[in-house]
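Working through the structure, step by step
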Amino acid sequence: MNRTTKEQNEILTRVGPGTPMGELLRRYWWPVGFSDHLKDQPTFIRLLCEDLVLFRDGKGQPGVLGALCSHRRANLCLGYVEEQGLRCRYHGWLYDVNGKVLQTPGEPRESGLKENVHHLSYPVEELGGLIFTYLGPQPAPLLPRFHFLAGEGERDQVIQAFNNCNWLQCVENGMDPYHVSFLHGDVWRPMAIEPEKIIFEETEWGVVYKAIRPGRKEGEYNFRMHYIIMPGIASGGDNTVSTGEDNREAGDLPPVTCRWSVPIDDTHTMNLRVRFKPPKQRRLGVAQQLHIEPYKEYKESDTPTLGYRIPSAVFEEDATILDSLGPIADRENEHLSAIDEGVAMVRDMYVKQIEVVKAGGDPKGVIRDKRKNQLIVIGGSYKWISADERARLEQRTAS
Ligand code: FES
Ligand SMILES: [Fe+2]
């Protein structure tokens, strides 16, 4: 498999304004918070290297503005929310959700200052309990109505982890069926066995893998299907939404768990998860990943036992290992193997879509047609199958 060069790695990982990947990722809506949590105070966020404030005006309308006040650059997250918008704490400039300056205290009305200033603002929409914003050129595409956001059924939303690393290594982790055996096998026993068969395919929305492992008894298999959806959502079945027993009625929407790897900046990522139809008793919280550093043990104890104990929980294992690749994985030093076909497909997909954007087109997964956006059902499975089902599945895939 071709090695990713240092130059290609730069292109794949940098997300600021004006960078090729930054321009591609700005063609999509990104989640930046949970609807329930945004009440009457503005908050400081960062997305794709841009410092922003998120707030909800007194009428309930959410807004995203450039973080620094257009007057003298105070951070607007310290301001007051009012009926009409957000007021800067420093000298009281008032902005609405569209960045219009409504008041500039002390300035003569006739100076025209507030009419001449337009503060940076981005569109905001809410769906499935999440708040999304869009940083790209107008007109904004539609916010995709994926079934896990818009379908009828229970869902819960959590921040899975804040990683001190680049977004792409988090996304690649979702197209990496082998890591599940070695990183998570201790706590997710059925996955401890290496897959017997893996199929990678390109889809309308991104890439999918289908992994078949030996099951609990002779003639039974575990089937796991996991997607990467543009711009960086991993979605599939797993043991936080399914026991593997398939007791769905015909026509039921698939229970899935999906993770957005949201680029905060080049070296920080918010991994945000929505579970669709989760079992009620299993709430999930923010992973406390293990931070590794040279001689850490001696910094923490005079008489340490050397070595690391990785936390035994799937999210914390992922968070810990992803940070261990370094702030931005040095892909030029990798040696990709046969198991990395999916990771290579993900990289190729992004590179192709960068070219589509450069040519003025809409990249994969951008939708503008309302009829296509009624409800987008994304599959994803974690289930036990028989030998017959396995044979049918492999046949379908081969055809
Ligand atoms: S810095 Fe915001 S009003 Fe002066
Ligand atoms: Fe994982």
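Residues numbered from 1 in each chain as written. Chains lettered and ligands numbered in written order. Predicted model: local features only at pLDDT ≥ 70, side-chain atom pairs only at ≥ 80, totals over all residues.

**Let's talk about the overall build of the chain**
The secondary structure content of the chain amounts to 10 helices and 19 strands. The C-alpha atoms of the chain give 23 Å as radius of gyration, which agrees with the globular expectation for 399 residues (21 Å, within 12%). Seen through its C-alpha atoms, the chain measures out along the principal axes to roughly 85 × 65 × 45 Å. The buried share of the chain, reckoned over its 399 residues, is 40%. Taking contacts inside the chain between residues at least 6 apart in sequence as the whole, the part at least 24 apart equals 62%. (Helix = DSSP H or I, 4+ residues; strand = E, 2+ residues; numbered from the N terminus. Rg over C-alpha atoms; globule rule 2.2 N^0.38 Å. Buried ≥ 20, exposed ≤ 12 C-beta atoms within 10 Å, placed from the backbone. Contact = placed C-beta atoms within 7 Å.)

**Details of helix 1 (residues 6-13)**
Looking only at helix 1, the buried set comprises Asn-9, Leu-12 and Thr-13. One face of helix 1 carries all of its buried residues, which in axial projection span an arc of 80°. As for helix 1, its buried residues are in contact with helix 2 (20-25), helix 5 (167-172) and helix 9 (341-358). (Arc of directions from axis to C-beta.)

**Examining the domain arrangement of the chain**
In terms of domain boundaries, the chain breaks down into domain 1 (30-134) and domain 2 (147-398). One C-alpha centre belongs to domain 1, the other to domain 2, and the line joining them spans 34 Å. Going through the elements one at a time, strand 1 (29-34) and strand 2 (43-47) are the ones with two or more residues in the side of domain 1 that touches domain 2. Broken down by element, the residue count for the side of domain 1 that touches domain 2 peaks at three residues, all from strand 1. Partitioning the side of domain 1 that touches domain 2 into residue classes produces eight nonpolar, two polar and one charged. (Domains from an automatic or database assignment. Nonpolar A, V, L, I, M, F, W, Y, C, P; charged D, E, K, R; others polar.)

**A look at the nonpolar core**
Leu-47, Leu-52, Val-53, Leu-54, Leu-76 and Ile-228 are the most contacted members of the largest nonpolar core, which totals 80 residues. By residue number, the principal contributor to this core is strand 15 (residues 220-229), which donates six residues. Shared between two domains, this core holds at least three residues of each, these being domain 1 (30-134) and domain 2 (147-398). Discounting residues that sit within four places of it in the chain, Leu-47 has contacts with Trp-30, Val-32, Leu-52, Thr-133, Leu-135, Val-262 and Ile-264. (Core = buried A, V, L, I, M, F, W, Y, C linked by C-beta atoms within 7 Å.)

**Brief notes about the environment of Asp-323**
Mapped onto the elements of the fold, Asp-323 is located in helix 8 (residues 314-324). Note on Asp-323: 21 C-beta atoms within 10 Å, which makes it buried. Apart from the residues within four sequence positions on either side, Asp-323 is in contact with Asn-163, Asn-164, Cys-165, Gln-289 and His-291.

**Regarding the pairing of strand 14 (residues 206-214)**
Along any regular strand, the residues point their side chains to alternate faces of the sheet. Burial runs high along strand 14: seven of the nine residues are buried. Two elements, strand 13 (residues 197-202) and strand 14, share six bridges in a ladder whose sense is antiparallel. Note that in strand 14 the partner of Ile-199 across the bridge is Lys-210. Linking strand 13 to strand 14, which pair antiparallel, is a turn of three residues. With nine bridges joining them, strand 14 and strand 15 adopt antiparallel strand pairing. Residue pairing for strand 15: Val-207 is matched across the bridge by Ile-228. Hairpin geometry of strand 14 and strand 15 is characterised by an intervening segment of five residues between the two adjacent antiparallel strands and by a positive phi of about 80° at Gly-219. (Pairing = 2+ DSSP bridges.)

**What about the sheet that holds strand 5 (residues 80-81)?**
What the four strands build is an open sheet, ordered 5-6-7-8; its pairing is antiparallel. The sheet terminates laterally at strand 5 and strand 8 (101-103), the two strands that pair on one side only. As judged from the two bridges shared by strand 7 (residues 94-95) and strand 8, these two strands associate in the antiparallel manner. Of the residues in strand 8, the one forming a bridge with Leu-94 is Gln-103.

**Details of the pairing of strand 4 (residues 62-66)**
Of all the five residues making up strand 4, four are buried; the element is thus mostly covered by neighbouring parts of the structure. Across five bridges, strand 3 (residues 50-56) lies against strand 4 in antiparallel orientation. Within strand 4, the position partnered with Val-53 by the bridge is Leu-65. Counting the residues that bridge the hairpin from strand 3 to strand 4 gives five residues, and of these Gly-60 lies at a positive phi of roughly 95°. Of the pairings in the sheet, the one linking strand 4 to strand 9 (residues 121-122) comprises two bridges and is antiparallel in character. Residue pairing in the sheet places Leu-65 in a bridge with Ser-121 of strand 9.

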